[in-house]
Amino acid sequence: MFYSSARTSARFASFLSVAATALLLSGCASNRPSNMSPEYEENVINHTVSEADMAAAKSKKAIEADTITLWVNGLGCPLCASNIDRQLERVPGVQTVAVDLSVGKVTLGLIGGAPHPSPWTLGEAVEDAGFTLVKVEQAGAAGATPAVPPKP
Amino acid sequence: MKTLSVVLLLALASAASAQEAMYTAAATMPSPGVSVVRPQFNYLKFGTNPEDGTQSTDRYQLVTSFQTGIARAWSLTIDFGAAFEDSENAAGNNHLDKGIEDIDLYLKYRFYKNDTGGIDTIRAAVMFGAEFPSGDDADFSSDSVDPHAGVVLTMVRGRHGFNQEIDFRLNTNGAGVDNNGGGEGPSDALRFNSAYLYRIIPDRFTSTSTGAWYITAEMNGIYETNGDTELRWSPGLMYEGTEFAFELMAQFPLYKDLHHRAELDLAIGVGIRLTF
């Protein structure tokens with residue numbers, strides 16, 4: 001009787017957990033205000049990237065500025081930030097790494113007066129970390145554009 | 001008087017990666033030179049075993065997974081575990097056992113990656129390796145090298161994450177092995193797991209976000225070539241930071257067609273992941 005009671009309890013708990021999860025997920029889905037776009041609610045981030053941007057991201061010419069912004073795809077979680085941190089910090093010439101998950105951006109501080117890496121080298125480090133470099137912007141570069149957040 | 005039997009159980013712990021629920025692998029991995037340690041403590045309660053007449057079994061197991069990135073898109077994982085088991089036979093006598101189960105060693109290779117947005121990605125990886133004998137007796141070890149191979153698909157879009165895993169294990173011996181939990185032999189085993197992760201906090205990452213809470217929901221299935229089939233439902237909760245993660249889950253039976261081993265009544269697990 002004890003064991004059938006335990007199985008019954010397990011089945012009931014299983015039903016409750018399924019029901020509770022379904023209610024929670026339906027509540028999360030329905031919490032989106034009616035004037036919010038689905039992309040905003042789902043936290044979709046799309047970078048605006050041109051062919052020129054993609055070509056620049058593969059350049060093997062050393063970066064001139066001491067601060068550079070990398071626009072990266074695939075940064076889906078906090079642990080992802082840790083992976084990309086570690087790979088970029090190993091690149092000679094990189095002094096600081098700051099990851100912004102809200103827009104998929106990584107800001108690098110390069111060592112002043114020391115040889116700077118190229119976008120291609122940084123792109124390889126980003127690939128090693130498991131992500132994709134789509135755009136490189138040097139500080140003060142003309143035409144620098146941020147990621148386009150979806151409209152709320 | 002209840003006598004505790006300690007049985008060493010090696011559960012196939014999933015590779016320790018980002019966006020990964022407790023019992024379903026993900027097509028993610030640490031980058032080269034980065035390692036993740038993932039100890040998990042599980043309590044499992046099993047019912048009647050139709051083969052040996054055991055009435056009930058309580059199992060307490062500690063499984064540790066160590067995964068390291070060895071090259072771009074490659075990782076190596078070793079899983080090892082110990083367990084303590086308290087079982088009661090048909091006569092009402094209790095038996096206590098403990099030991100060390102076989103060691104699982106496998107590679108993971110990500111052969112496909114398409115990062116479609118700042119957060120979004122679709123990835124696929126293959127896993128292949130083998131379990132090696134621990135040297136313990138049949139209660140804990142199959143005393144054979146058992147290869148396994150599988151494929152896993154991961155998709156992340158905004159707050160939603162999906163993982164699909166299928167893995168086949170060839171048990172080359174396993175006769176007489178304690179097969180509570182399934183897949184340890186002597187029959188070959190096909191595991192099929194699905195996981196859904198939903199980021200509940202924050203609703204949107206900010207420039208200073210360093211952690212996130214997820215609810216997880218898994219369906220964990222196993223089919224053995226002796227005909228035993230089992231499907232389990234596993235809701236959970238996970239916190240993922242930049243250097244560590246914490247996970248908590250419960251597992252309940254959804255479907256059972258078992259004739260050769262005990263069925264699971266309930267499982268509760270807790271674990272952490274540490275990156276270094």
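Quick notes on the rules
Residues numbered from 1 in each chain as written. Chains lettered and ligands numbered in written order. Predicted model: local features only at pLDDT ≥ 70, side-chain atom pairs only at ≥ 80, totals over all residues. Helix = DSSP H or I, 4+ residues; strand = E, 2+ residues; numbered from the N terminus. Rg over C-alpha atoms; globule rule 2.2 N^0.38 Å. Buried ≥ 20, exposed ≤ 12 C-beta atoms within 10 Å, placed from the backbone. Contact = placed C-beta atoms within 7 Å. Pairing = 2+ DSSP bridges. Core = buried A, V, L, I, M, F, W, Y, C linked by C-beta atoms within 7 Å. Nonpolar A, V, L, I, M, F, W, Y, C, P; charged D, E, K, R; others polar. pLDDT = per-residue confidence, 0-100. Axes fitted to C-alpha atoms, helices over the stretch in contact; angles between N-to-C directions. Left-handed = near helix turned anticlockwise from the far one by under 90°.

## Some words on the overall build of chain B
Right, on to step 1. Helices and strands together make up the secondary structure of chain B, namely zero helices and 14 strands.
Right, on to step 2. Counting from the amino terminus, chain B carries its helices and strands in the arrangement β-β-β-β-β-β-β-β-β-β-β-β-β-β.
Right, on to step 3. Over its C-alpha atoms chain B spans a radius of gyration of 19 Å, differing by no more than 12% from the 19 Å that the globule rule assigns to 276 residues.
Right, on to step 4. Structurally, chain B occupies a C-alpha span of about 60 × 35 × 30 Å along its principal axes.
Right, on to step 5. Relative to its full complement of 276 residues, chain B shows a buried share of 52%.

## Comments concerning the overall build of chain A
Right, on to step 1. When helices and strands are tallied, chain A shows five helices and four strands.
Right, on to step 2. For chain A, the N- to C-terminal ordering of α and β elements is α-α-α-β-α-β-β-α-β.
Right, on to step 3. Per-residue burial for chain A yields a buried fraction of 38% across its 152 residues.
Right, on to step 4. Sequence separation of at least 24 residues holds for 76% of the intrachain contacts in chain A that already meet a minimum separation of 6.

## Here we look at the pairing of strand β3 (residues 105-110) of chain A
Residue and element names in this part refer to chain A.
Right, on to step 1. Pairing analysis gives five bridges linking strand β1 (residues 67-73) to β3, with the strands arranged antiparallel. Bridge pairing in β3 places Leu70 opposite Val106.
Right, on to step 2. Here six bridges tie strand β2 (residues 94-100) to β3, and the two strands are oriented antiparallel to one another. In the strand pairing of β3, Val99 is matched with Val106.
Right, on to step 3. Where β2 folds back onto β3 in an antiparallel hairpin, the turn is made up of four residues, including Gly104, whose phi is positive at roughly 70°.

## Remarks on the nonpolar core
Right, on to step 1. Leu70, Val72, Leu75, Ile84 and Val126 of chain A are the most contacted members of the largest nonpolar core, which has 41 residues in total.
Right, on to step 2. Ignoring anything within four residues of it in the chain, the contact list for Val72 of chain A reads Ile84, Gly104, Val106, Val126, Phe131, Thr132, Leu133 and Val134 of chain A.

## Quick notes on the interface of chain B and chain A
Right, on to step 1. Facing the 49 residues of chain B at the interface are 43 residues of chain A.
Right, on to step 2. Residue assignment for the side of chain B that touches chain A shows that the elements contributing at least two residues are β8 (146-157), β11 (211-224), β12 (229-241), β13 (244-257) and β14 (264-275) of chain B.
Right, on to step 3. For the side of chain B that touches chain A, the element with the most residues is β13 of chain B, which contributes five residues.
Right, on to step 4. Across the side of chain B that touches chain A, the residue classes tally to 19 nonpolar, 20 polar and 10 charged.

## A word on the confidence of the model for chain B
All names here are of chain B.
Right, on to step 1. When pLDDT is averaged across chain B, the result is 89; 94% of the residues are at 70 or more.
Right, on to step 2. When the elements of chain B are averaged for pLDDT, strand β1 (residues 5-6) gives the smallest value, 35, and strand β6 (residues 103-114) the largest, 97.
Right, on to step 3. A low-confidence stretch, residues 1-16 stays under pLDDT 50, and its non-local contacts, those more than four residues away or across chains, total 80 contacts.
Right, on to step 4. Both scores are given for the predicted complex: the pTM is 0.83, the ipTM 0.84.

## Description of the sheet that holds β1 of chain A
Residues and elements named next belong to chain A.
Right, on to step 1. With antiparallel pairing, four strands are arranged side by side in an open sheet as β2-β3-β1-β4. Whereas interior strands pair on both sides, the edge strands pair on one side only; in this sheet they are β2 and β4 (132-138). The average angle at which neighbouring strand axes cross in this sheet is 25°, direction not considered.
Right, on to step 2. With six bridges joining them, β1 and β4 adopt antiparallel strand pairing. Within β4, the residue paired with Thr69 across the bridge is Glu137.
Right, on to step 3. Sheet strands touched by helix α4 (residues 78-89): β1, β2 and β3. Its angle to β2, the strand with the most contacts, is close to 165°.

## Re the packing of α4 of chain A against helix α5 (residues 119-129) of chain A
All names here are of chain A.
Right, on to step 1. α5 packs onto α4 with a crossing angle of 145° between their chain directions and a minimal axis gap of 8 Å. Note that α4 runs across α5; the crossing there is right-handed. Contact with α4, carried on its side by Asn83, Ile84, Gln87 and Leu88, involves Leu122, Ala125, Val126, Asp128 and Ala129 of α5 and no other residues of that element.

## Examining the confidence of the model for chain A
A low pLDDT score tells you not to read the predicted coordinates there in detail.
Residue and element names in this part refer to chain A.
Right, on to step 1. With 62% of its residues at a pLDDT of at least 70, chain A reaches an overall mean of 74.
Right, on to step 2. Across chain A, α5 holds the top mean pLDDT of 95, while helix α1 (residues 2-30) sits lowest at 47.
Right, on to step 3. Every residue in residues 1-6 is under pLDDT 50, and counting partners more than four places away or in other chains gives six contacts.
Right, on to step 4. Every residue in residues 141-152 scores below 50 in pLDDT, and together they form 23 contacts with partners more than four places removed in sequence or on other chains.

## Details of the environment of Ile103 of chain B
Right, on to step 1. Mapped onto the secondary structure, Ile103 of chain B falls in strand β6.
Right, on to step 2. Beyond its immediate sequence surroundings of up to four residues, Ile103 of chain B is in contact with Ile78, Phe80, Glu131, Phe132 and Ser134 of chain B.

## Remarks on α5 of chain A
Residues and elements named next belong to chain A.
Right, on to step 1. Listed in full, the buried residues belonging to α5 are Pro119, Leu122, Gly123, Ala125, Val126, Asp128 and Ala129.
Right, on to step 2. Contacts made by the buried residues of α5 are with α3 (51-56), β1, α4 and β4.
Right, on to step 3. Gly130 lies just past α5 and shows a positive phi near 105°.

## With respect to the environment of Ala56 of chain A
All names here are of chain A.
Right, on to step 1. Here Ala56 is to be found in helix α3.
Right, on to step 2. Since 16 C-beta atoms lie within 10 Å of it, Ala56 is described here as partly exposed.
Right, on to step 3. If sequence neighbours within four positions are ignored, Ala56 has contacts with Pro119 and Val136.

## Notes on the pairing of strand β9 (residues 160-169) of chain B
Residues and elements named next belong to chain B.
Right, on to step 1. Of the two faces of β9, the one holding Gly161, Asn163, Glu165, Asp167 and Arg169 is buried and the one holding His160, Phe162, Gln164, Ile166 and Phe168 is not buried anywhere.
Right, on to step 2. Judged from the 10 bridges that link them, β8 and β9 form a sheet pairing that is antiparallel. Bridge assignment links Val152 to a residue of β9, and that residue is Glu165.
Right, on to step 3. Here β8 hands over to β9 after two residues, with Gly158 in that stretch at a positive phi of 60°.

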